Amino acid sequence: MDFGFSLSPSSAVNLDKVDLSLYDRLAAIDPGIRTCIGCGSCSATCTASAYSGMSVRKVLLAMQRGRMQEVEKMLSNCMLCGKCTMVCPRGINTRRLILNACRLYANVEGEA
Amino acid sequence: MAEYIAVVGGGIAGMETAVRLKALGLEPVLIERSESLGGHVASWHRLFPDMSHADKLIKDLEKGLEDVDVQLGAEISSLNPLRKGYSLVLTNGKVYPCRAIVLATGFSLFPAERKEEYGYGIYDHVITNRDLEGWFNGKADSRVPESPRAIGFVHCVGSRDIKAGNSQCSKVCCITAIKQAIEMKEKFPEAEVYCFYMDLRLFGKKYEDFYIKAQRDYNIHFIRGRVSEVAETIDGQVQVKAEDTLSGKPVRVRLDLLVLMAGIVCNADNQTFTQAVQMPLDDDGFFRSRDNVGAITESDRPGVFFAGACTGAKTIPETLAEARSAALNVYLYVKGLK
Ligand SMILES: Cc1cc2nc3c(=O)[nH]c(=O)nc-3n(C[C@H](O)[C@H](O)[C@H](O)COP(=O)(O)OP(=O)(O)OC[C@H]3O[C@@H](n4cnc5c(N)ncnc54)[C@H](O)[C@@H]3O)c2cc1C
Ligand code: SF4
Ligand code: SF4
Ligand code: SF4
C-alpha cells in the first residue's frame, strides 16, 4: 500500500545490543586504541580522507557503535601511508590498527 | 579583652585556616553549623588524584585544632560592627569580639531532584555522586544493586545549565565521575560502565592520566551527549536516551544503576552575610573576591576574608592553599602590615 510517505529505519544505536567483538579483539592486541579522544587529527592529515571518506576517527567510533559495514568500506580506501600515526596525540599506532583490522576481517570472512 | 578571629564554616577550608591562624599566634574561633567538622569532604571516601583517604585528611586537620576554640552546632545570630572589627553573637549565646572574619562556608550540592527528567527520587536505581561516596563509605543503599551489569554516569547535573540556575562548570565532577567509574569497574569488573558527558574537563595534575586509564585499562565507555531522558523499564532498570553527538546518532542503553554528577552551587544563605557586612554578592551567588586573579581570598571589606569553595567551585588542594593564604592575609591585616 502506498501512504504517500515512507519511514526510514531507525538509525538509533542500542548500546545493549551492539556487537563489539571486533573492537574488543583489536583492543586485546593493542589496548591503546581505546584511548582515542576523537580529535580528528588522523582524518585531517589523511590524503584518502578528502576523496574517499576514510577516517581512523570514524572507524574507531563506528566499531564502538557496532556499525561494521561502514568500517569495512572506510578501511578499503586506506593507502597505508601511515601519516595518521604520526599525528595522533594519544600515540595510537593507527596504521597497525588498520592492518590488524584487515587481518581480523580476512579471518572472519575466511571462517564464514 | 581577647581579640578573636572568627572562622565561619568548619569544612576543610575553615579547619586549615584556623590551624594556620593558631600557628601564627592569633586566636581563632571556628564556628560550624553542624555537629561535626570536615564539611563535604567528610562525606567522601577516596580522593582524586591520588586515591588518598578523605577521613585521614580530616583527622590530620583535627589534630591541629586541639587548642583552638571550636563551636559546633553554632551559627552567627548577629554581627555588629565595632570600631575595629565585629562583635559576633552566636546562636548558642556566646559573644566573640573579633578583629577579622574569615568566611569559609563552602558550597551546596545541586539538589538532583530538581532535574526531574533524570528521575532522582522517582526511580529506584538513580543516585547522586554524594550517595555513591556514602555507599563506598559502607552506608547501606538499597538503590545500588548487588551485581549490576550496566552502570551509567551523567555529567553536568545542575551545572552549565542556565535553566537550572547555574551557568558555571563545577569543575570537580568530570574527574569525580571518572574516579567513581573506575571504582565501580573495580568492584564489578563484568559491568559495562558509561559516562555521558558534554565536554570532559580534566584540568588538574594527573587528571588526564585518570581518563586514559579509564579508557585503556578499564574499558569505560565515554559517550559525548547530554542525557535527555531517563525512564524506568518494566523490569526495574533505567533506560537512558541521549544523542551520541560524535556519530550524530541517537543512543539508548538500559542500566542497573545511574549516578548523577550533581554540581557545586552557592549556599542559599550567602546573602545574610553580605547584607550584614554590607558587601556585594557575586552574580553567580557566591561571595565576591576583591579580584579573581590577584586577591581571591580578600573581600571589598576591610577585615573580611574568604577561604575555599564559598567563592566558587574548588578542589581540595586549591581550598587548602586559599585557607593558608587567607590566614596569612589576616595576620598581615591584624599586625597592620598590609
Ligand atoms: C562529589 C564531590 C567529590 C569531590 N571529591 C574531591 C576529591 O576527591 N578531591 C578534591 O580535591 N576535591 C574534591 N571535591 C571538592 C571538595 O569537596 C571541596 O574542595 C571542599 O569541600 C571545599 O571545602 P570548603 O571547606 O570550602 O567547603 P565545604 O566542604 O562545603 O564546607 C563548608 C562548611 O561550612 C559549614 N557552614 C556553611 N554555612 C555555615 C554557616 N552559616 N555557619 C556555620 N557553618 C556553616 C558547613 O556546614 C560545612 O561544614 C569533591 C566535590 C564533590 C562535589
Ligand atoms: S594510513 Fe590510511 S588512514 Fe592513515 S593517513 Fe594514510 S591513508 Fe589515511
Ligand atoms: S588522531 Fe588519534 S586520538 Fe585523534 S581521532 Fe585519530 S585516532 Fe583518535
Ligand atoms: S566538571 Fe565536567 S561534569 Fe562537572 S560541570 Fe564541568 S564539564 Fe560538567
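Residues numbered from 1 in each chain as written. Chains lettered and ligands numbered in written order. Predicted model: local features only at pLDDT ≥ 70, side-chain atom pairs only at ≥ 80, totals over all residues. Heavy atoms only, no water.

Participant: How should I be thinking about the site of ligand 2 in this particular structure?
Facilitator: All residues adjacent to ligand 2 are C46, M54, V56, C78, M79, L80, C81, G82, K83, C84 and I98 of chain A. Considering only residue class, the shell around ligand 2 consists of nine nonpolar, one polar and one charged. (Near = heavy atom within 4 Å. Nonpolar A, V, L, I, M, F, W, Y, C, P; charged D, E, K, R; others polar.)

Participant: Help me understand the layout of surface pockets, please; the structure alone is not making it clear to me.
Facilitator: Residues and elements named next belong to chain A. Space inside the second largest pocket adds up to approximately 210 Å³. Along its surface, the second largest pocket is lined by 14 residues, and K58, A62, R67, E70 and M74 are the ones closest to its centre. Of all elements in the fold, only α4 (56-64) and α5 (68-75) reach the threshold of two or more residues within the lining of the second largest pocket. For the lining of the second largest pocket, the per-class residue count stands at four nonpolar, four polar and six charged. (1 Å grid on protein atoms, 1.4 Å probe; cavity = no way out; pocket = protein on both sides within 12 Å on 5 of 7 lines; lining within 4 Å. Points joined across faces, edges and corners; volume = space filled by probe spheres on them. Helix = DSSP H or I, 4+ residues; strand = E, 2+ residues; numbered from the N terminus.)

Participant: Looking at this structure, I do not really get the packing of aromatic side chains. What am I missing?
Facilitator: For any pair of aromatic rings, the description consists of the separation of the ring centres together with the inter-plane angle of the planes. Residue and element names in this part refer to chain B. Taken as a whole and judged by the stated rule, the model has 10 aromatic pairs over all chains. When the ring of Y211 is compared with that of F222, the centres are 5.0 Å apart and the planes differ by 75°; the resulting orientation is edge-to-face. Placement of Y211 in helix α5 (residues 207-216) and of F222 in strand β13 (residues 221-224) is noted, with a sequence separation of 11 residues between them. Assessed through its relative accessible area of 6%, Y211 is described here as buried. Judged by relative accessible area, which is 10%, F222 ranks as buried. Ring geometry for F287 and F306: centres 5.4 Å apart, planes at 5°, overall stacked. Taken together, the residues F287 in the loop between α6 (270-276) and β19 (304-306) and F306 in strand β19 connect sequence positions 19 residues apart. Owing to a relative accessible area of 1%, F306 belongs among the buried residues under this scheme. Members of the aromatic cluster, each reached through a chain of ring pairs, are F48, F203 and Y207. A cation sits over an aromatic face here: K213 above F210, 5.1 Å from the ring centre. (Phe/Tyr/Trp six-rings, centres within 6.5 Å; stacked < 30°, edge-to-face > 60°. Buried < 20%, exposed > 50% of the residue type's maximum accessible area, 1.4 Å probe, protein only. Lys NZ or Arg CZ within 6 Å of the ring centre and 35° of its normal.)

Participant: What exactly am I supposed to notice about helix α4 (residues 173-187) of chain B here?
Facilitator: Note on helix geometry: an α-helix contains 3.6 residues per turn, so any two residues three or four positions apart are oriented the same way. The end-to-end C-alpha separation of α4 of chain B is 20 Å, in line with the 21 Å expected for 15 residues at 1.5 Å each. Buried residues dominate α4 of chain B, accounting for 13 of its 15 residues. (Expected span 1.5 Å × (residues − 1).)

Participant: What's the story with the interface of chain B and chain A in this structure? I'm lost.
Facilitator: Size of an interface: often given as the accessible area lost when the parts come together. Contact with chain B, which involves 19 residues of that partner, is made by 19 residues of chain A. Summing both sides of the interface, chain B and chain A together bury roughly 1,700 Å²; the carbon and sulfur share of this comes to 53%. On the chain B side of the interface with chain A, the three residues burying the most area are Q215, K249 and R252 of chain B, jointly 30% of the side's total. One can count two salt bridges joining chain B with chain A. (Contact = heavy atoms within 4.5 Å. Buried area = accessible area lost by both parts, 1.4 Å probe. Salt bridge = Lys/Arg side-chain N within 4 Å of Asp/Glu carboxyl O.)

Participant: Help me understand the packing of helix α1 (residues 21-29) of chain A against α4 of chain A in this model?
Facilitator: When two helices pack together, their arrangement is captured by the angle between the axes and the distance separating the axes. Residues and elements named next belong to chain A. Where α1 contacts α4, the axes come no closer than 7 Å and their chain directions differ by 120°. Looking at the two axes, α1 sits oblique to α4. Residues L22, Y23 and L26 of α1 form the contact with α4, whose participating residues are L60, M63 and Q64. When grouped by side-chain class, the residues that make up the contact of α1 with α4 number five nonpolar, one polar and no charged. (Axes fitted to C-alpha atoms, helices over the stretch in contact; angles between N-to-C directions. Parallel < 35°, antiparallel > 145°, perpendicular 65-115°, else oblique.)

Participant: Would you mind going over the site of ligand 3 with me for this structure?
Facilitator: All names here are of chain A. The immediate surroundings of ligand 3 are formed by C36, I37, G38, C39, G40, S41, C42, R57, L60, C88, P89 and T94. Elements with a contribution of two residues or more to the shell around ligand 3: α2 (41-45) and α4. Class assignment for the residues of the shell around ligand 3 results in seven nonpolar, four polar and one charged.

Participant: Is there a simple way to think about the sheet that holds strand β17 (residues 257-262) of chain B in this case?
Facilitator: Sheet strands associate in pairs through backbone hydrogen bonding, adopting either a parallel or an antiparallel arrangement. Residue and element names in this part refer to chain B. Read from one edge of the open sheet, five strands run β10-β17-β11-β12-β13, paired in parallel fashion. Strand pairing shows two members of the sheet lacking a second neighbour, β10 (126-128) and β13, which therefore form its edges. Taken over all neighbouring pairs, the strand axes of this sheet differ in orientation by 25° on average, direction set aside. Relative to β13, strand β12 (residues 192-197) runs parallel, the two sharing four bridges. Paired with F196 across the strands is I223, a residue of β13. Packed on one face of the sheet, α4 meets β11 (150-157), β12, β13 and β17 and runs near 170° to β11. (Pairing = 2+ DSSP bridges.)

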